[in-house]
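# Overview (structure and organization)
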Amino acid sequence: MHEFSIVQNIIDIVTATAEANGVSKVQAVEVEVGKASGVIREAMEFAWEAAVKGTLLNRSELRIKEKPLVVQCSICGNQYEPCDLYESCPGCGEINPVIISGNELKVLAIET
Amino acid sequence: MCENCGCGEGGGYTIINPADQSHQHGGSHSHDPDHNHEHSNGQSHVHEHDHEHKRISIETDVLQQNNLLAQRNRGYFEAKNITCLNLVSSPGSGKTTLLERTIRQYSSKKIYVIEGDQQTSLDAARIQATGIPVLQVNTGTGCHLDAGMINHAVKTLNPANDSLLLIENVGNLVCPALFDLGEKQRVVIISVTEGDDKPLKYPNMFGSSQLCVINKTDLLPYVDFSVDDFKLNALKVNRNLRFIELSAKSGEGFESWLSWINEC
């Protein structure tokens, strides 16, 4: 479950920002997770509770903003939101997508 | 397992040199002294709150630290003209056997190996037996190698200029996909005893690799694996993926793999 490492990275980023701003307690953390980022929301939430113990983020809320997968067909240029990367283009039927968004894995902000 | 608190998720790893069994620890997390300070209902005490919530914008990639370290590794490899390959697959696809034969047959460059496993030095011992420099990274509870572990291991291994560094990642088709190690090429290995629909089930891994080695082709007559269906599925998630079919056991198809390394 790599979500634990991901959560650990989020805690490191948030802790550094909190310390730089003289914040001693973080109430909430906003995270952006793309649908094709390879991270599962439920696994992240599961890891969160255990990982934040003993940190400035103890009992903080994890707010996950999901970003849909948007691709552009490199054959016909059509933009669409597929369920999977290998779903064929509804415009021309080919499978040749370029990801426009959906790979994101970002810490957006914290609330103190 | 974190030795400070027994929490089981420290992220700490161990680098073992099978030559002398010396080892180093790294990557353990820090602890707040209030670690176990919790209150159940009824025991709460008064906390002061100023009730002024402030939002601080961060906008940082979660994997930024790993990606920065990966680029540092990449720069080091480029400067020393070291070809670094990251071998990923599910457990049991034959990565270590592929490495053993590669070490026996590849003579163009000096080879170094970094072995990644959750536990044991069994794989490093197999590589050690071939006589080349190898380090084992035990990730503990971690399910993948990361750029920091490779940075640490490479400093110890100190590979020579113009060499080939082969990294055998932890056997797992999910987690290692997200972690750039600084490799020149990522090679996903699949054995014909697995399903030919694997690329559709694990698109991140096949999507992020440049080469796919189809291993154990000597077993093709005995299994239902269709090489054509497999390739079609893999190309659906990565239309630039290249393929090499071989048997690390019999050596069939091995020349293509060795020439591919030379072209890297």
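Before any of the text, the structure's been laid out above.
Residues numbered from 1 in each chain as written. Chains lettered and ligands numbered in written order. Predicted model: local features only at pLDDT ≥ 70, side-chain atom pairs only at ≥ 80, totals over all residues. Heavy atoms only, no water.

### Quick notes on the overall build of chain A
From N to C terminus, chain A includes 2 helices and 6 strands. In chain A, the succession of α and β elements from N to C terminus is α-β-α-β-β-β-β-β. Against the 2.2 N^0.38 benchmark of 13 Å for 112 residues, chain A shows a C-alpha radius of gyration of 17 Å, more extended than a compact globule. Considering only C-alpha atoms, chain A reaches an extent of 55 × 25 × 15 Å along its principal axes. For chain A, buried positions account for 51% of its 112 residues. (Helix = DSSP H or I, 4+ residues; strand = E, 2+ residues; numbered from the N terminus. Rg over C-alpha atoms; globule rule 2.2 N^0.38 Å. Buried < 20%, exposed > 50% of the residue type's maximum accessible area, 1.4 Å probe, protein only.)

### Thoughts on the sheet that holds strand E3 (residues 70–73) of chain A
Each strand in a sheet pairs with its neighbour through backbone hydrogen bonds, running either in the same direction (parallel) or in the opposite one (antiparallel). All names here are of chain A. Taken together, 3 strands build an open sheet; the order of strands is E4-E3-E5 and the sheet is antiparallel. Taken across any chain shown, the strands that pair with only one partner, and hence form the sheet edges, are strand E4 (79–80) and strand E5 (97–101). One ladder, built from 4 bridges, connects E3 with E5; its direction is antiparallel. What sits directly across from Val71, in E5, is Ile99. (Pairing = 2+ DSSP bridges.)

### Overview of the pattern of salt bridges
Under the counting rule described, the total for this entry stands at 15 salt bridges over all chains. A salt bridge links Glu66(A) to Arg41(A); the nearest nitrogen and oxygen atoms lie 3.6 Å apart. With Glu66(A) in strand E2 (residues 61–67) and Arg41(A) in helix H2 (residues 41–51), this pair connects stretches of sequence that are 25 residues apart. Of the charged contacts in the structure, one is a salt bridge between Lys198(B) and Glu194(B), with a shortest N-O distance of 2.7 Å. Glu194(B) carries the same exposure label as Lys198(B), and that label is buried. Taken together, the shared-partner salt bridges in this structure form one network comprising Glu30(A), Lys65(A) and Arg55(B). (Salt bridge = Lys/Arg side-chain N within 4 Å of Asp/Glu carboxyl O.)

### Regarding the sheet that holds strand E1 (residues 28–34) of chain A
Ordered in space as E2(A)-E1(A)-E6(A)-E3(B), the 4 strands form an open sheet in which the pairing is mixed. Because the sheet does not close on itself, it has two edges, and the strands there are E2 of chain A together with strand E3 (55–61) of chain B. Adjacent strand axes in the sheet meet at a mean angle of 20 degrees when their direction is disregarded. Examined bridge by bridge, strand E6 (residues 105–111) of chain A and E3(B) share 5 bridges and lie antiparallel to one another. The residue bridging Val107(A) from the neighbouring strand is Thr60(B), located in E3(B). (Axes fitted to C-alpha atoms, helices over the stretch in contact; angles between N-to-C directions.)

### Examining the pairing of strand E7 (residues 164–168) of chain B
All names here are of chain B. E7 sits mainly inside the fold: 5 of its 5 residues count as buried. Taking every second residue as pointing to the same face, both faces of E7 are buried, with Leu164, Leu166 and Glu168 on one and Leu165 and Ile167 on the other. Inspection of the sheet shows strand E4 (residues 83–89) paired to E7 by 5 bridges, in the parallel sense. Looking across to E7, one finds that Thr83 is bridged to Leu164. Across 5 bridges, the pairing between strand E5 (residues 111–117) and E7 is parallel. Within the sheet, the bridge partner assigned to Ile111 lies in E7 and is Leu164.

In short, shape yes, function no, at least from these values alone.
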